[in-house]
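So you can see what is in the structure, the chains are spelled out below.
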Amino acid sequence: MNQVIFALLCFVAIWCVRCQQIDSENNCPGYTIQNYILGPDGYTMQPRVSDGTPIHQSRPGKIGPRGVQGVKGEKGLKGEPSGTPINLASEIQMLKREMQEMKFNQQMLKMEVDETKALLEKGGGGNNQVNPSDSNTSDNIFTCDDIDGDENDSGTYLLSPDPGNVEPFNVRCNFTGTTETVIEHDTMGEIEITTKCGPRKCYKRPVRYDVSMQQIVALINRSSQCRQFIKYRCKGNLIFSGSTYYATWLSRDGTHIHYWGGATSRRDGYCACGETGTCRRANTKCNCDNTRQETSDEGYLTNKDILPVTGMQFGDLDDSSEAGWHTLGPLRCTGRNHN
């Protein structure tokens, strides 16, 4: 029994001596597995680190001072600027518009091809249709009556009413109903008179045509008939008053003419309603006769010997209640003289 007690006391003494070598966390190095390494025989554990230093002497030292900052590296190359952000919706809309334009252009091209084919087929059948740009054939085309066309052929053509004496020129040919040769000017449509003046013929409006007067006269002489529409819309003023003429139109040579459109007798001071007795006021020769109500006088001028109209003049427009608007249509000629 005493021997057993003595053995236990020796064991305890040895254990206490070994536990005096403890680490900073009060762990006994003799019995803590993380403080041992595998021995040389590969089986037993030894309380040593790999370089042989005792466990209680392998604590890490204090952190040393910070080292000197290294040399700054070279600056990198500048990157390419980013492009404008793509707006997907707008891109889609643009593509749609481009597709629509392409479709429209295709349709127009098809129409042109069809028209060209139709003209070629018609030309092959003996039709006298003339290319407006073909001046070599214009000597045979005096007026639009020399062109065998229908309403689909209406357009601009090159004519030569007096070959050798007058240069060929472009006109508009209308093939709707009676064939017409048409020459336009710079006073087309209704124009309001904004000048306030009282004396007769105080407002003056010259008329300039698309071609020369020599060319127009050549066409008139080559045509059977020519006419030109003229109209005056009025309020509170007049055209003619007895032998006092407040308004006039000018012939091709600048002569003042004192009858109005539709007056077939061509008597001075007369409008169309004065010849037919249908004017708004009895015993007057024109509707524009100082009436306070808005009215008009209009009709065609048909004397081809003095056409076209080269100017218009009006008066009696000085009062604030007085107003006037004039209209002059294009020169229209039909038929052909074979002289």
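Participant: Any details on the overall build of the protein chain? Residues and values, ideally.
Facilitator: For the protein chain, the count of helices and strands is four helices and 16 strands. In the protein chain, which comprises 339 residues, the proportion classed as buried is 37%.

Participant: Provide a residue-level description of the state of the cysteines, including the pertinent values.
Facilitator: Inspection of every chain in the model, using the stated rule, returns six disulfides. Disulfide pairing is shown between Cys197 and Cys202; the S-S distance is 1.9 Å. The chirality of the disulfide connecting Cys197 with Cys202 is right-handed, given an S-S dihedral of about 75°. Between the sulfur atoms of Cys273 and its disulfide mate Cys279 the distance is 2.0 Å. With the S-S dihedral at roughly 85°, the linkage between Cys273 and Cys279 falls on the right-handed side. Taking only the cysteines that form disulfides and numbering them from first to last, the protein chain has the pattern 1-2, 3-4, 5-12, 6-11, 7-10, 8-9.

Participant: Can you lay out the nonpolar core for me, pointing to particular residues and giving the numbers?
Facilitator: Ranked by size, the top nonpolar core spans 46 residues in total, and within it Tyr232, Trp249, Trp260 and Phe314 carry the most contacts. Of all the secondary-structure elements, those providing two or more residues to this core are β3 (155–159), β4 (169–174), α3 (213–222), β8 (225–235), β14 (311–314) and β16 (331–334).

Participant: Residues and numbers for the sheet that holds β14, please.
Facilitator: Here four strands make up an open sheet; going across it, the order is β7-β14-β11-β12 and the pairing antiparallel. Each edge of the sheet is formed by a strand with only one pairing partner; in this case those strands are β7 (203–206) and β12 (256–257). In terms of strand pairing, β7 meets β14 through four bridges, oriented antiparallel. Residue pairing across strands places Pro206 opposite Gly311, the latter belonging to β14.

Participant: Describe α3, naming the residues involved and giving the relevant values.
Facilitator: The element α3 is extensively covered by neighbouring structure, given that seven of its 10 residues are classed as buried. Along α3, the positions that sit buried rather than exposed are Gln215, Ile216, Val217, Ala218, Leu219, Ile220 and Arg222. Looking at the packing, one finds that the buried side of α3 touches β4, β5 (180–183), β8 and β16.

Participant: Give a description of the pattern of salt bridges that names residues and reports values.
Facilitator: Under the counting rule described, the total for this entry stands at seven salt bridges. The closest approach of N and O atoms between Arg336 and Asp146, which form a salt bridge, is 2.7 Å. Of this pair, Arg336 sits in the segment after β16 while Asp146 sits in the loop between α2 (88–124) and β3, and the two are 190 residues apart along the sequence. Salt bridges linked by common partners bring Glu180, Arg227 and Arg332 together as one network.

Participant: Describe the side chain of Asp316, naming the residues involved and giving the relevant values.
Facilitator: Along the chain, Asp316 turns up in the loop between β14 and β15 (323–328). In this structure, Asp316 is buried with no salt-bridge partner, the nearest side chain bearing the opposite charge being Lys196 at 9.8 Å. A polar contact is formed between the side chain of Asp316 and the backbone nitrogen of Leu238, at a distance of 3.3 Å.

Participant: I'd like to hear about the confidence of the model for the protein chain, residue by residue, with values.
Facilitator: Confidence along the protein chain averages 79 in pLDDT terms, with 64% of residues attaining 70 or more. Segment residues 122–137: pLDDT under 50, and 20 contacts once partners within four positions in sequence are set aside and those in other chains are kept.

Participant: Could you give an account of the packing of aromatic side chains, with specific residues and numbers?
Facilitator: Scanning the entire structure with this criterion turns up seven aromatic pairs. When the centroid spacing of 4.3 Å and the interplanar angle of 15° are considered together, the rings of Tyr232 and Phe314 count as stacked. Placement of the pair is Tyr232 in strand β8 and Phe314 in strand β14, with a sequence separation of 82 residues. The two residues Tyr232 and Phe314 agree in class, both being buried. With 5.9 Å between their ring centres and 90° between their planes, Trp249 and Tyr259 make a pair best called edge-to-face. With Trp249 in strand β11 (residues 248–250) and Tyr259 in the loop between β12 and α4 (272–276), the pair connects residues that are 10 residues apart, well separated along the chain. The exposure class assigned to Tyr259 is buried, which follows from its relative accessible area of 8%. Aromatic ring contacts, followed pair by pair, group Tyr203, Tyr232, Trp260 and Phe314 into a single cluster.

Each value, and the rule that gives it
- Residues numbered from 1 in each chain as written.
- Predicted model: local features only at pLDDT ≥ 70, side-chain atom pairs only at ≥ 80, totals over all residues.
- Heavy atoms only, no water.
- Helix = DSSP H or I, 4+ residues; strand = E, 2+ residues; numbered from the N terminus.
- Buried < 20%, exposed > 50% of the residue type's maximum accessible area, 1.4 Å probe, protein only.
- Disulfide = S-S within 2.5 Å.
- Core = buried A, V, L, I, M, F, W, Y, C linked by side-chain atoms within 4.5 Å.
- Pairing = 2+ DSSP bridges.
- Contact = heavy atoms within 4.5 Å.
- Salt bridge = Lys/Arg side-chain N within 4 Å of Asp/Glu carboxyl O.
- Lys, Arg positive; Asp, Glu negative; His and termini not counted.
- Polar contact = N/O pair within 3.5 Å; in protein donor to acceptor, adjacent residues only side chain to side chain.
- pLDDT = per-residue confidence, 0-100.
- Phe/Tyr/Trp six-rings, centres within 6.5 Å; stacked < 30°, edge-to-face > 60°.

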